[in-house]
Every structure is written in C-alpha cells, then in structure tokens.
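# Understanding the architecture of this molecule
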Amino acid sequence: MTDSELHPFVESIAREARRPVVTDPAARERIMAAVRAEPVPVRRSGVWSRLVAPRTFALSPAMGTLLAAGLVGIGVLVGNLALNRDGQSAAGRPPVAVAPQLPVSDTVVRFVYVAPRATSVYVVGDFNGWDTTKTPLSRTSQDGVWSVTLPLSAGRHIYAYVVDGSWSADPHAPLAPDDGFGHANSVKLVRGGSSL
Amino acid sequence: MTHGSLQRSVRILARVGVLMFASALPLVAQDVDPLVKLETRDRFAIDLMIDSANMAGLPSNPLRQMALLGLAKRADGRKIVEAVRKQLNLLRTAREVLGAVDDQELTAGASVLSAGAKPAQLATFRPRKKGRNDLQAFVVWTDFLERKVPNDDAFSAITKLWQDGADDATFYSLWTNVQADISQGLNPGTALQNRIRETPGRPTPLPVKPPEGAAGEPKLERL
C-alpha cells in the first residue's frame, strides 16, 4: 500500500504530476536558435580555472599584521636594492666613488654664540653635511649665550651659524672664500688635540 | 567571517600597514643622499665632476661639500653646478702648483686661489721642509683676501712669515690682530702692514688672547 492510496490528497498531486505537459511546438526551435546565437565558451585548463576562480579568504588580525609587516619589509628591501646608497637608480649611471670619510676625531670643539634675542641657533658645516637642523646650540645662560660641543676630525672645517633662520659667519674666526651662494662662512682648523 | 568582521579586519590591516610604513620611512631616509634634491641633470653633472676628481687623484669631498652647501643655502641648481665646477678647477690648479700635498693643504690652497691669489703666488709655497704643514698660513691668507686686504700686501705678509719659519700660533696671532684692527675701522691693507712689522717670524712664546667680542656677536671658544 502506497502513500497515494492512503491519502487522497497525495493521489491528487500525483495525478496532476503524471499528466503530460503540452508545449508550444515552436518553443523548441526558439530555444535552439537562442542557444546557437550564444558565443562558444573558451575551454580553459583545470589549473587556470583554479587560479582565476574567485575565493573567499578568512584572515585573523594577527595573521593580517604579519602579512602587512612582510609586505612592508619586502618593499624596504626592494627599495634598497633598486636605489643605491645615494638614493638614485643604479641603472644608466656612471660609477661614482664614495666621498672619503674624515678620520675619527679626538678633538672636542665648543661652538659658542651670543644672541640674547635669538630663539634658535644652529651650527652648520662640513662636519654635519650642512644640515641646518642637525646641530642646535643650547642656551646656556640668561644673557643669551648659546653653545654646543662637538667632536671634530683633524683638519680644516668650513662652518656658519644659522640664527633664527639667518646665516651668519663667525666674526671671531677666519673667513672662508666666497662660495657664490651668498652669506659668508668661517674656517675652523683642528689639529690633533687642539684647534685654532 | 561576517561582512562586519571582514570590514573590521581590513580597517585594522590598513592602520597597521600605515603605521609600519611610516615607521620604516626614517630607516629608508637615512640612506638617501641629500643631493637627490637636485634635479637629475644637475646631479648627474656633479657626479661626473666627482668622478673626474677621483680619476685625477683629487679629493672629491670638497666638491660634494660645495654641493651640499649650495643646497643648504637654497641656491639654484645651475649655480651649484657652476660652484662645484669652479671648485674642481681650483683643485686642479692647486695640484699643479703645489704638487704632492695632502688633501687638506690642497683644499686650503684652492681656497687661497678662490679668494683671489695668483697661481704663481701660491707656487711660492711648493718647496717645503719635510713635515711642514701650511694649512694655517693658507687659512689666514684667504681671510685677508676676503677682507679686502690688497693681494700683493697679503702675499708679502704671508710669505715673509712663512720664509721666517713662523708657526701656526704666529699666523693666528697676526690674523687676530689684523682682524681686531679692521673691526675698529682701520683700512685692511694698513692694518696688515702695521701688524706685520711687529709680528716676529719665529714662534711666539705666549698664547694669543682672542679679541673681546661685543654682546650679540658670536665667538668660538677653544677647548
């Protein structure tokens, strides 16, 4: 005994399902014409399909951090490899020797500048790559004395002060030759253990 | 993973990435040469001159320092290239004139030429006693020329002391006195002529007292 024999409602559904479907005779032709009009799909290899198929990744914050760190590290490494030490692309550039380094100094020199109204005083020179923000002088007293102590290598050094953004030579030191850029510079001679 | 948690993760990733990138920038910047601020054409010209100096056995650091100085003073790139070229030519001339001196003396000799001395005058200092160093003489000579002491007067004074065997302290003493006189308003040539008469050629036994600086003027202390 089947379910349809037991339940008249089920039997009525089955009867409906058994009834043959009457279709439009032209429908088959229309469907086939539409199929023929579609472009023929390109057949891809299994590997390619796997590579291009979209996927959903689940990433924990910790793993994401590691991934970001790795990407940054790779970026820094590639940047260092692509750029030479001078920061310029190594490709298509003639070889240039690295500037010789001055010997390590055992002489300490104190630079002093008296400027009661100044708000900032820097010393710039060949010993700090002419960086106008690298070597600030500290105000050491209320009467406007600024100073800084630097170890300098033996030899001749060119320098100047930058007081509130304005360049100033040291009037208590010999003048360096005019560089053509405006504002005079001073010369400091450092001997081994002494300076003049 | 829900849509909300995915967005949160992406935001966290982005923040971490930005932070790490920002922290890595100073590390990269340390290796970047300040000369990259120059236009490529100017930088290339300076690199070529540095290379030429190295090939000729001349010190290249003065060329690099000149370029850095120009950048620090915000000079035009073309002007910087010209200054570096001038420096290279001065170094070449100084080498021809002075012969095999060390890099420091060579650079100081180039400075004397830059200040207006003639190569023939600088050639006077070529024959030298072994171990003698003329850095101080060249520095003082350059300063006199920069302070508008007449060329012949400056040359005469420096060569007189040099031929008398004056030491660094003597040259420095002369400079100190002349500089003080010029600061008082004396004509630079007259100041030198007056002071050279009273300056002994032999080493001075007593240390030289530097001039008193007025308030507001910078001074350099020696340790």
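Residues numbered from 1 in each chain as written. Chains lettered and ligands numbered in written order. Predicted model: local features only at pLDDT ≥ 70, side-chain atom pairs only at ≥ 80, totals over all residues. Heavy atoms only, no water.

Moving on to the overall build of chain A. A count of helices and strands for chain A gives five helices and eight strands. Ordering the α and β elements of chain A from the N terminus gives α-α-α-α-α-β-β-β-β-β-β-β-β. Going through the 196 residues of chain A one by one, you find that 32% of them count as buried. Taking the intrachain contacts of chain A between residues at least 6 apart in sequence as the baseline, contacts between residues at least 24 apart amount to 61%. Carbon and sulfur atoms provide 62% of the accessible area of chain A, an area that totals close to 12,700 Å². (Helix = DSSP H or I, 4+ residues; strand = E, 2+ residues; numbered from the N terminus. Buried < 20%, exposed > 50% of the residue type's maximum accessible area, 1.4 Å probe, protein only. Contact = heavy atoms within 4.5 Å. Areas by Shrake-Rupley, 256 points an atom, 1.4 Å probe, with all protein chains shown as cover.)

This part takes up the nonpolar core. Core analysis: the largest hydrophobic core is formed by 69 residues, its most contacted members being B:I46, B:W141 and B:F144. By residue number, the principal contributor to this core is helix α4 (residues 77-98) of chain B, which donates ten residues. Shared between two domains, this core holds at least three residues of each, these being domain 1 (35-98) and domain 2 (120-201) of chain B. Beyond its immediate stretch of four places on either side in the chain, B:F144 contacts B:V149, B:A154, B:I158, B:L174, B:W175, B:V178 and B:L192. Ranked by size, the runner-up nonpolar core spans 17 residues in total, among them A:V109, A:A115, A:L137 and A:Y159. (Core = buried A, V, L, I, M, F, W, Y, C linked by side-chain atoms within 4.5 Å. Domains from an automatic or database assignment.)

All names here are of chain A. Burial analysis of strand β2 (residues 121-125) places four of its five residues in the buried class, the great majority of the element. Relative to strand β5 (residues 155-163), β2 runs antiparallel, the two sharing five bridges. The residue bridging V123 from the neighbouring strand is Y161, located in β5. (Pairing = 2+ DSSP bridges.)

Right, let's get into the pattern of salt bridges. Taken as a whole and assessed by the stated rule, the structure comprises twelve salt bridges over all chains. Here A:E16 makes a salt bridge to A:R19, at a shortest N to O gap of 2.6 Å. Given the relative accessible area of 46%, A:E16 is considered partly exposed. Classification of A:R19 as exposed rests on a relative accessible area of 53%. Notably, a salt bridge pairs B:E198 with B:R195, separated by 2.7 Å at the nearest N-O pair. When salt bridges with common partners are traced through the structure, they connect B:E39, B:R41 and B:D42 into a single cluster. (Salt bridge = Lys/Arg side-chain N within 4 Å of Asp/Glu carboxyl O.)

Another aspect to go through is the pairing of strand β7 (residues 186-191) of chain A. Residue and element names in this part refer to chain A. Within β7, five of the six residues are buried, which leaves the element mostly enclosed by the surrounding structure. Sheet topology places β5 next to β7; five bridges connect them, and they run antiparallel. The partner of H157 across the bridge, within β7, is K188.

Another aspect to go through is the packing of aromatic side chains. Residue and element names in this part refer to chain B. One pass over the full model with this rule turns up eleven aromatic pairs over all chains. Ring geometry for F125 versus F138: centroids 5.4 Å apart, planes at 75°, classification edge-to-face. Of this pair, F125 sits in the loop between α6 (119-122) and α7 (135-146) while F138 sits in helix α7, and the two are 13 residues apart along the sequence. Exposure remark for F125: the relative accessible area of 0% places this residue in the buried category. The interplanar angle of 35° and the centroid separation of 5.8 Å between the aromatic rings of W141 and F155 together place this pair among those described as tilted. One end of the pair, W141, is in helix α7; the other, F155, is in helix α8 (residues 151-163), and 14 residues separate them in sequence. In this structure, W141 and F155 share a single accessibility class: buried. (Phe/Tyr/Trp six-rings, centres within 6.5 Å; stacked < 30°, edge-to-face > 60°.)

Right, let's talk about the confidence of the model for chain B for a bit. Residues and elements named next belong to chain B. Looking at chain B as a whole, the pLDDT averages 83, with 81% of positions reaching at least 70. Below pLDDT 50 for its whole length, residues 204-223 participates in 52 contacts with residues either more than four positions away or in separate chains. Two numbers describe this predicted complex: its pTM, 0.64, and its ipTM, 0.76. (pLDDT = per-residue confidence, 0-100.)

Another aspect to go through is a nonpolar patch on the surface. Residue and element names in this part refer to chain A. There is a patch of nonpolar side chains on the surface, built from V47, W48, L51 and V52 and spanning about 410 Å² of accessible area. If you trace the backbone, W48 turns up in helix α4 (residues 46-52). On the accessibility criterion, W48 (44% relative accessible area) is partly exposed. (Patch = residues over 30% accessible without salt bridge, like charges linked within 9 Å, V, L, I, M, F, W, Y side chains within 5 Å.)

Residues and elements named next belong to chain A. Across chain A, the average pLDDT comes to 78, with 77% of residues at or above 70. Ranking the helices and strands of chain A by mean pLDDT puts β2 first, with 96, and strand β8 (residues 194-195) last, with 54. Within the model, pLDDT remains below 50 along residues 83-104, and this stretch shows 37 contacts once partners closer than five positions in the same chain are excluded.

Here the focus is the packing of α8(B) against helix α9 (residues 168-183) of chain B. Residues and elements named next belong to chain B. Interaxial distance between α8 and α9 falls to 10 Å at its minimum, and their mutual angle equals 155°. In terms of axis orientation, α8 runs roughly antiparallel to α9. Relative to α9, α8 is oriented so that their crossing is right-handed. Residues I158, L161 and W162 of α8 form the contact with α9, whose own contacting residues are T170, F171 and L174. Taken together, the residues that form the contact of α8 with α9 break down as five nonpolar, one polar and no charged. (Axes fitted to C-alpha atoms, helices over the stretch in contact; angles between N-to-C directions. Parallel < 35°, antiparallel > 145°, perpendicular 65-115°, else oblique. Left-handed = near helix turned anticlockwise from the far one by under 90°. Nonpolar A, V, L, I, M, F, W, Y, C, P; charged D, E, K, R; others polar.)

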